[in-house]
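Coordinate analysis (summary)
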Amino acid sequence: MCFIHPLAVSPLSMSKYAEQPGGYPQQPEMQQPPQQPGMQQPGMQQQQQYTPPTGSAADLKFAENATPEQLLSVMDYVTEVKVKQKAFLLEAATGGGCVPAAYSVKDVNGNNLLYGVEYSHPCTRCCCTSLRKMRLDMIPAAAVEDASGDAKFSMKEMAEQVKGCFKYGGAEGKPVAFTIERSMEGSLFPCCRHSGACLGCCLEKVVVKLGPYPLDAEGKPVPEAEDKRPILSSVTQPCWGGGCTPTYHVRQGDVTGDIIGTEKGDGGLCESCCPGFCMCACQDNVFKLFNGDGVTKTEIGHITRVNPKDMAGWFRQAFTDADSYDVKFPQVNKEQKAGYLAAMLLTDLQFFDDGGDLGCDMHASECKTIIKLAIINFYGYSIPLNCVIDWKSMMNGGGGE
């Protein structure tokens, strides 16, 4: 049976469906096809079936003319996605993260769905690193030349990355389904948030808003106070950050909305000896999703940082902050699924956006190799446990730390 993806519907035929739920055509009642792994039927009110976008000209034309509500509807059809952060050669060479981050969102069969591109100030990326203020513009995959998230190692790509260090980034005119924004509301600093979760000014807040960020008549972003887009969902950090267990609340609507789910870190192999995450390649880092405020301990999904299974993946994770995630959604609507993607982004920023699991310290005539072994969460602080090999001391008869 043939499947039809929203991005494959011609924009010329969309007007007659404008009054229908989701803005998409309704098909006559028919026998439902077998459900594919990682996908769900969106509900009785929407009988159209799903196939991933093909990247054709029709897909691109529809993506460029569709409303944000129509672009967001791709989230109706998936119960699990794989998120891959793009690795940059410049980051591996310099050890810095000055290039705007990019994330590819795929279904479980590897088909591209969305592509997220960071918008932030160049100085903020270099100076505030993982604590920076940022926005992730979620673009339909059909509107991106290469939405795979695969790294490209060439001189042309390196030149583009160098230019990207001096740009704000973002969608740059491409269609946007929704944005994920790290809010600085209540923060002591306008461009970054302080570590820890002991005070209100330190608590993390992320909001998901429909459509692209609004621009003024000159094409410049409007002040945040003038951004009146609807808030789909949000992610907040409780006071004290969950203690030794990293905790986030996913909410319906803004940061004062009802809690629909709770994300909590799972210590895995390290759980018996320390409240942290083992960084060895033998273990994935699992963050479990629970219903409501998490008190009932009813597990409804997970956000998992997947450790590499091959040498190429190991080098990417070791020398850059590019990671891969599996996100298993609970049975929620597309607006709330976007909220769980925001929780994944916040998890990545807090724990894994620090330049990779292997680093070098060449400052002040030093020659050290730093290997990250584990991460301890302590009341909102992320404390790495590192093994430091001091090659200079070893050659002089000393040793490691």
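Note that this is a predicted model, so its numbers are computed, not measured.

Basis of the calculations
- Residues numbered from 1 in each chain as written.
- Predicted model: local features only at pLDDT ≥ 70, side-chain atom pairs only at ≥ 80, totals over all residues.
- Heavy atoms only, no water.
- Salt bridge = Lys/Arg side-chain N within 4 Å of Asp/Glu carboxyl O.
- Buried < 20%, exposed > 50% of the residue type's maximum accessible area, 1.4 Å probe, protein only.
- Helix = DSSP H or I, 4+ residues; strand = E, 2+ residues; numbered from the N terminus.
- Phe/Tyr/Trp six-rings, centres within 6.5 Å; stacked < 30°, edge-to-face > 60°.
- Lys NZ or Arg CZ within 6 Å of the ring centre and 35° of its normal.
- Expected span 1.5 Å × (residues − 1).
- Polar contact = N/O pair within 3.5 Å; in protein donor to acceptor, adjacent residues only side chain to side chain.
- Patch = residues over 30% accessible without salt bridge, like charges linked within 9 Å, V, L, I, M, F, W, Y side chains within 5 Å.
- Areas by Shrake-Rupley, 256 points an atom, 1.4 Å probe, with all protein chains shown as cover.
- Pairing = 2+ DSSP bridges.
- Axes fitted to C-alpha atoms, helices over the stretch in contact; angles between N-to-C directions.
- pLDDT = per-residue confidence, 0-100.
- Contact = heavy atoms within 4.5 Å.

With that settled, consider the pattern of salt bridges. Scanning the model with the defined rule gives 17 salt bridges in all. Residue D227 is joined to R229 by a salt bridge in which the shortest nitrogen-to-oxygen separation is 2.9 Å. Here D227 and R229 have matching classes, each one buried. Among the charged side chains, a salt-bridge network with shared partners connects E181, K209, D227 and R229.

The backbone phi angle of T129 is positive, close to 45°, even though this residue is not glycine. By the secondary structure assignment, T129 is in the loop between α4 (122-127) and β4 (135-140). Positive phi, close to 50°, is recorded for Y379, a residue that is not glycine. With respect to the secondary-structure elements, Y379 resides in the loop between β15 (368-378) and β16 (381-390).

Once that is clear, we can look at the packing of aromatic side chains. Summed over the entire model, instances satisfying the criterion amount to seven aromatic pairs. Taking 4.8 Å as the distance between ring centres and 80° as the angle between the ring planes, the aromatic pair formed by F378 and Y379 counts as edge-to-face. Feature note: the residues F287, Y325, F351 and F352 constitute an aromatic cluster, connected by ring pairs. Taking the ring centre of Y119 as reference, the NZ or CZ of R135 above it sits at 4.2 Å. We note K297 situated over the ring of F290; from NZ or CZ to the ring centre the distance is 5.4 Å.

Below, the discussion takes up the environment of I371. Turning to its location among the elements, I371 is positioned in strand β15. Residue I371 is classed as partly exposed on the basis of its relative accessible area of 29%. Distance in space between the C-alpha atoms of I371 and C387 is 5.1 Å, their sequence separation being 16 residues.

This next bit is on helix α7 (residues 334-352). The terminal C-alpha atoms of α7 lie 26 Å apart, and with 19 residues this matches the ideal 27 Å at 1.5 Å per residue to within 8%. One side-chain oxygen at the N-terminal end of α7 lies 3.2 Å from the backbone nitrogen of E335; it belongs to N333.

Before going further, it helps to spend a moment on a nonpolar patch on the surface. The grouping of W240, F378, Y379, Y381 and I383 at the surface amounts to a nonpolar patch, some 490 Å² of accessible area in total. Structurally, Y381 is set in strand β16. Looking at Y381, the relative accessible area reads 34%, which means it is partly exposed.

A word on the environment of D59. Looking at the element boundaries, D59 is found in helix α1 (residues 57-65). Classification of D59 as buried rests on a relative accessible area of 0%. Once the C-alpha coordinates of D59 and A141 are considered, the two residues, 82 residues apart in sequence, prove to be 9.2 Å apart.

With that out of the way, let us pick up the sheet that holds strand β8 (residues 247-252). Backbone hydrogen bonds are what pair the strands of a sheet, in a parallel or an antiparallel way. Pairing within the closed barrel is antiparallel, and its twelve strands lie in the order β1-β2-β3-β4-β5-β6-β7-β8-β9-β11-β12-β13. On average, adjacent strands in this sheet sit at an angle of 20° to one another, irrespective of strand direction. Where strand β5 (residues 178-182) and strand β6 (residues 205-210) come together, five bridges link them in antiparallel fashion. If you follow T179 over to β6, its bridge partner there is K209.

The element strand β7 (residues 231-236) is largely enclosed, with a buried count of five among its six residues. Here β6 runs beside β7; their pairing, made up of five bridges, is antiparallel. Bridge pairing in β7 links K209 to I231. As paired strands, β7 and β8 are joined by four bridges and run antiparallel to one another. Within β8, the residue paired with T236 across the bridge is H249.

Let's shift gears to the confidence of the model for the protein. Per-chain confidence: the protein averages 80 in pLDDT, with 78% of residues scoring 70 or above. In this model, residues 1-33 is a region of pLDDT below 50 whose contacts with residues beyond four sequence positions or in other chains number 70 contacts.

Our focus in this paragraph is the pairing of β4. Among the six residues in β4, six count as buried, and that is most of the element. Neither face of β4 is left uncovered, since the one carrying R135, D137 and I139 and the one carrying L136, M138 and P140 both have all their residues buried. Relative to β5, β4 is paired through four bridges, and the arrangement is antiparallel. Bridge pairing links M138 to F178 in β5.

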